[in-house]
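Take a look at the letters that make up each chain.
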Amino acid sequence: MRYITFALAKGRLAKKTLSLLEQIGITCEEMKDEKTRKLIFVNEDLKLKFFLSKASDVPTYVEYGAADIGVVGKDTILEEGRNLYEVLDLGFGKCRMCVCGPKEAKKYLNGSQLIRVASKYPNIAKEYFYNKKLQTVEIVKLNGSVELAPIVGLSEVIVDIVETGSTLRENGLEVLEEICPLSARMVVNQVSQRMEQERISKIVTALKKLLDEKKQG
Ligand SMILES: Nc1ncnc2c1ncn2[C@@H]1O[C@H](COP(=O)(O)OP(=O)(O)OP(=O)(O)O)[C@@H](O)[C@H]1O
Ligand SMILES: O=P(O)(O)OC[C@H]1O[C@H](OP(=O)(O)OP(=O)(O)O)[C@H](O)[C@@H]1O
């Protein structure tokens, strides 16, 4: 039997992903060792392979079929725009993609003045402002601590993830507009979905059942 390969986003989402998989009997003990430098893990009994990669690379591995299944945030799926099937909302890693800035910056969001928008998510930002028909924006790509940009005068507003809102509050910024809700999703390679339909469906169905039970309980 062929192996089914999982690409999992490392970082914030990894622990919960492994825990959910474990609850449906998909285990990979070796992977839980945070000190390991090993990159790929095999469960011989279940004929499964697993690897952790940078979140933004998960959709790439899945589109190319290097992984059959991926688990990654909706933000990354939207930003990467890869060809894949999104099959399940896993319900954790919940947060929101928002336009944020100082209160006074709200006026720019319906005006015609040229503004800069800093973001780790330039594609999401570009699409949002395009759909809003606000074309007087210049998107500036940053790689982290995006809240700094309006504080130091790099941009008027930012497009970023908001979870508790603490980062915004502590820096005198606020949510000006909400773009969309986010959470961790399961994605599947389009060919694998057909070729391994039975095995993949079994996994998705088991996860759905588990998530439904959790919701009710
Ligand atoms: N408060 C939050 N901040 C950022 N991401 C969050 C938050 N809450 C949930 N998430 C989810 O977790 C994912 C980010 O995980 P993590 O911060 O580990 O990776 P990353 O920021 O993409 O990686 P890197 O720091 O290497 O750029 C996001 O893609 C999002 O879906
Ligand atoms: O609403 P909060 O609960 O404060 O969470 C949101 C913050 O967390 C994320 O940053 P992260 O910690 O991933 O660091 P980064 O800014 O370097 O990406 C995100 O980019 C926000 O800055």
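Residues numbered from 1 in each chain as written. Chains lettered and ligands numbered in written order. Predicted model: local features only at pLDDT ≥ 70, side-chain atom pairs only at ≥ 80, totals over all residues. Heavy atoms only, no water.

Heads up, the condition is: UniProt positions are given in the numbering used here, feature names are shortened, and annotations may be inferred rather than shown by experiment.
In the nomenclature of an unreviewed UniProt entry, the chain corresponds to ATP phosphoribosyltransferase from the organism Anaerostipes caccae. Among the UniProt annotations of the chain, the heading Function (unreviewed entry) holds the following wording: "Catalyzes the condensation of ATP and 5-phosphoribose 1-diphosphate to form N'-(5'-phosphoribosyl)-ATP (PR-ATP). Has a crucial role in the pathway because the rate of histidine biosynthesis seems to be controlled primarily by regulation of HisG enzymatic activity." UniProt lists a comment for the chain under the heading Subcellular location (unreviewed entry), and it reads "Cytoplasm".

## Re a positive patch on the surface
Applicable threshold: Grouping into patches uses exposed residues only, defined as over 30% relative accessible area, and leaves out salt-bridged ones; the cut-off is 9 Å for like charges and 5 Å for nonpolar side chains (Val, Leu, Ile, Met, Phe, Trp, Tyr). Areas reported here follow the Shrake-Rupley algorithm with a probe of radius 1.4 Å; residue values treat only the protein chains shown as occluding. Definition used for salt bridges: Asp or Glu carboxyl oxygen within 4 Å of a side-chain nitrogen of Lys or Arg. His residues and chain termini do not enter the charge count, which takes Lys and Arg as positive and Asp and Glu as negative. Charge coordinates come from a single atom per side chain, which is NZ of Lys, CZ of Arg, CG of Asp or CD of Glu. Strands are runs of DSSP state E lasting at least 2 residues, helices are runs of H or I lasting at least 4, and numbering of each runs from the N terminus. Buried residues are those whose accessible area, probed at 1.4 Å on protein chains only, stays under 20% of the maximum for their type, while exposed residues exceed 50% and partly exposed ones sit between those limits.
Taken together, Lys10, Arg12, Arg37, Lys54, Lys120 and Lys141 make up a surface patch of like positive charges. Position of lysine 141 relative to the elements: it lies in strand β8 (residues 137–141). A relative accessible area of 46% means that lysine 141 is categorised as partly exposed.

## Comments concerning the confidence of the model for the chain
Selection criterion: Per-residue confidence from the predictor is reported as pLDDT, which spans 0 to 100.
Summing up the model confidence of the chain, the mean pLDDT is 95 and the portion of residues at 70 or higher is 100%. Confidence metrics for the complex model read pTM 0.96 and ipTM 0.95.

## Regarding the site of ligand 2
Under the convention used in this document: A molecule or strand has a residue near it when one of that residue's heavy atoms lies within 4 Å. Contacts described as polar in this section are N or O atom pairs within 3.5 Å, which, within protein, must combine one atom able to donate a hydrogen with one able to accept it, while residues neighboring in sequence count only if both atoms come from side chains. When residues are grouped by polarity, Ala, Val, Leu, Ile, Met, Phe, Trp, Tyr, Cys and Pro land in nonpolar, Asp, Glu, Lys and Arg in charged, and all others, Gly among them, in polar.
Ligand 2 sits among 13 residues. The nearest are Arg12, Glu147, Thr164, Gly165 and Thr167. Arginine 12 is positioned such that a nitrogen or oxygen atom in its side chain is 2.6 Å from an oxygen atom of ligand 2. At a separation of 2.9 Å, an oxygen atom of ligand 2 approaches a polar backbone atom of serine 145. Contact with the protein chains hides 72% of the accessible area of ligand 2, taken as 490 Å² for the molecule alone. Of all elements in the fold, only β9 (157–162) and α6 (166–169) reach the threshold of two or more residues within the shell around ligand 2. When the residues that make up the shell around ligand 2 are grouped by side-chain class, the tally is 2 nonpolar, 6 polar and 5 charged.

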